[in-house]
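Inside the fold
Next come the chains, spelled out residue by residue.
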Amino acid sequence: PLFSQSTKKSFSTDEKPTSFKDITSYCNFYEFGTKKTDPSEYAHELQTTPWTVDIDGECDKPGTYALEDLLKPVTIEERIYRLRCVEGWSMVIPWMGFTLADLIKRVQPNSNAKYVRFETVYDPDAMRGQRSDMLEWPYVEGLRMDEAMHPLTILSTGLYGKDLLNQNGAPLRLVIPWKYGFKSIKSIARISFTETQPFNSWQQFSPEEYGFYSNVNPEVPHPRWSQSKERRIGEFMKRDTLMFNGYAEEVAELYAGMDLKRYF
Amino acid sequence: MQLKATTFNNILKPILFLLLLAPTIWLIAGLWLNTLGANPIEYILHTLGDWALRILLLTLLLSPLRRLLNWIQLVQLRRMMGLFTFYYASLHLLCYLWFEQGFNLSSVYSDVWDRPFILFGMTAFLFLIPLAITSTRNKMRQLGRRWKVLHMLVYPAVIFGVVHFWWLVKADTTEPLIYALLTFILLTERLWRFKRGEKSGA
């Protein structure tokens, strides 16, 4: 038990967390507008209680679950993760959450379940961005089953010890620290188990620029900008971007033998 | 339309000068008061680029406006506005070289060739350099007719500037679309006048 405690601890970085103010005021959440400050300005218009999550597809326990019921059996723990945005900036965020694997095991996916597909809530009355056709709504993301089951992959309900604010994806969002931020889908309303690879929103928007995997990779540039460096919010000069955002030791084996230039 | 020369020179021009300087003051004050948001470097970089392009478009608006209002004096504002364009474009480039590239010239070089939007931005800036250098009355006199031809470089400069902006935007192309439309109108108007054989006022 001592050993497992210490490996659990090692998931958190000891880097200095980005300020609460910056994390909650500099956000990409196009459902509320495309400016970084739009989400903090408009996200309060979304109602997050009560909240349900539809779970469907290739699993033995599909259904519409109340958020409280999903959270009842889990222990919320803190995970301090680096977050790297595809645009070239990064933060360190002290998330509160639990492993996605924990939830997946409970709904018992069957042997056809090769991928997990997520949807953000669709509520154009409350989400002004969804009234424009910038992206196709609802926002969709997806993971391969082994990525979804990885102990680094969490569902988050809070940060800095407090419940998530709407602009950060309340009441329930995904966090996958080795992938670009847009994979970490916010305000999740549906989780589906599928046999085929989900077509995520940004890939749909521009397939030559955004792929399904979207692993942080300093050696594979975005077609329009380099990914080799990033600006950590609060810092002056750029710093080097690390392979898999510094989580190579934990996740590189998931992609052994894969051509990461092709599967970007 | 016409203002008294003293009104034009002593009141209108200084007001315009301060207006064009306002974005700079805004940025300095914002840095001082820490109100530029979580990513002030990016904010400064983008704001400088925005204003370089906006002022360039406003400069190109002067000639048609002059004809429309029959306000000859407007031509006298071109130099100041053109130089402000160059000023913001230079600061924009300096910010890029310093904060984005850390003055690492080999990394700048590869960035220019890897990413078309950087190449277009750089090219737009290159077009502006001879315009700034030959903006003095002396140079104008010296170059004579050739000055006018040389200063037609402002047209490719604005086209490259707009494309530069368009390509860097991730998804929301509303603002570059507005600039592109304005550029199209301004250049088409000139082309149309040129075709009709009217003397170009550049």
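Note that this is a predicted model, so its numbers are computed, not measured.

1. What to know about helix 4 (residues 105-114) of chain B
Residue and element names in this part refer to chain B. Looking only at helix 4, the buried set comprises V108, D111 and V112. Around the axis of helix 4, the buried residues are gathered within 100° of arc, so they sit on the same side. Exposed and oriented more than 90 degrees from the buried face of helix 4 are S106, Y109 and W113. On its buried face, helix 4 sits against helix 3 (78-100) and helix 5 (116-133).

2. Digging into the UniProt feature "domain: Ferric oxidoreductase" (unreviewed entry) in chain B
Taking the numbering used here, the UniProt-annotated feature "domain: Ferric oxidoreductase" (unreviewed entry) corresponds to residues 48-162 of chain B. Across residues 48-162 of chain B one finds 83% helix and 0% strand; the C-alpha atoms that close the span lie 14 Å apart.

3. Some thoughts on the pairing of strand 4 (residues 89-99) of chain A
Residues and elements named next belong to chain A. With 11 of 11 residues buried, strand 4 lies mostly within the body of the structure. For strand 3 (residues 77-84) and strand 4, the ladder comprises eight bridges, and the chain directions are antiparallel. Paired with R82 across the two strands is V92, which belongs to strand 4. The turn joining strand 3 and strand 4, which pair antiparallel and follow one another in sequence, is formed by four residues; a positive phi near 105° is taken by G88.

4. Here we look at the state of the cysteines
Applying the stated criterion to the full structure yields zero disulfides over all chains. A:C85 carries a free sulfur, and the closest cysteine sulfur to it, the one in A:C27, is 11 Å from it.

5. What to know about the interface of chain B and chain A
Taken together, the contact pairs 17 residues of chain B with 24 residues of chain A. When the two sides are added together, the surface that chain B and chain A hide from each other amounts to roughly 1,800 Å², 54% of it contributed by carbon and sulfur. Contact with chain A buries surface across chain B, with B:A38, B:R115 and B:K170 losing the most and accounting together for 39% of the total. For the pair chain B and chain A, the number of links is three salt bridges. With its nearest N and O atoms 2.8 Å apart, the salt bridge here joins A:K238 to B:E100. For the pair chain B and chain A, the interface holds nine residue pairs in polar contact (both at pLDDT 80 or more). Counting residues per element, the ones that place at least two in the side of chain B that touches chain A are helix 2 (40-69), helix 3 and helix 8 (154-168) of chain B. When residues of the side of chain B that touches chain A are assigned to their parent elements, the largest contribution, three residues, is made by helix 3 of chain B. Residue composition of the side of chain B that touches chain A, grouped by class: nine nonpolar, two polar and six charged.

6. Some thoughts on the nonpolar core
Within the largest apolar cluster, 74 residues are counted, with the highest numbers of intra-cluster contacts made by A:I55, A:W95, A:F118, A:L174, A:W178 and A:F193. By size, the runner-up hydrophobic cluster in this structure holds 46 residues, among which are B:F8, B:L16, B:L48 and B:L57.

7. Focus: the pattern of salt bridges
Residues and elements named next belong to chain A. One pass over the full model with this rule turns up 28 salt bridges over all chains. The residue E77 makes a salt bridge to R79 at a minimum N-O spacing of 3.2 Å. The exposure class assigned to E77 is partly exposed, which follows from its relative accessible area of 21%. Residue R79 is classed as buried on the basis of its relative accessible area of 2%. Notably, a salt bridge pairs E119 with R190, separated by 3.5 Å at the nearest N-O pair. Of this pair, E119 sits in strand 5 (residues 115-120) while R190 is found in strand 10 (residues 188-194), placing the two residues 71 residues apart along the sequence. Under the relative-accessibility criterion, E119 is labelled buried at 16%. Judged by relative accessible area, which is 25%, R190 ranks as partly exposed.

8. Here we look at the sheet that holds strand 1 (residues 52-57) of chain A
Residues and elements named next belong to chain A. Strand order in the open sheet formed by five strands is 2-1-10-5-6, and the pairing between neighbours is mixed. In this open sheet, the two edge strands, each paired with only one partner strand, are strand 2 (63-66) and strand 6 (140-144). Adjacent strand axes in the sheet meet at a mean angle of 20°, parallel and antiparallel pairs treated alike. Bridge count for strand 5 against strand 6 is five bridges, and the pairing is antiparallel. Note that in strand 6 the partner of V116 across the bridge is L143. Across the face of the sheet, helix 5 (residues 100-107) comes into contact with strand 1, strand 2, strand 5, strand 6 and strand 10 while running at roughly 60° to strand 10.

The rules behind these values
Residues numbered from 1 in each chain as written. Chains lettered and ligands numbered in written order. Predicted model: local features only at pLDDT ≥ 70, side-chain atom pairs only at ≥ 80, totals over all residues. Heavy atoms only, no water. Buried < 20%, exposed > 50% of the residue type's maximum accessible area, 1.4 Å probe, protein only. Helix = DSSP H or I, 4+ residues; strand = E, 2+ residues; numbered from the N terminus. Arc of directions from axis to C-beta. Contact = heavy atoms within 4.5 Å. UniProt positions renumbered as here; feature names shortened; annotations may be inferred. Pairing = 2+ DSSP bridges. Disulfide = S-S within 2.5 Å. Buried area = accessible area lost by both parts, 1.4 Å probe. Salt bridge = Lys/Arg side-chain N within 4 Å of Asp/Glu carboxyl O. Polar contact = N/O pair within 3.5 Å; in protein donor to acceptor, adjacent residues only side chain to side chain. Nonpolar A, V, L, I, M, F, W, Y, C, P; charged D, E, K, R; others polar. Core = buried A, V, L, I, M, F, W, Y, C linked by side-chain atoms within 4.5 Å. Axes fitted to C-alpha atoms, helices over the stretch in contact; angles between N-to-C directions.

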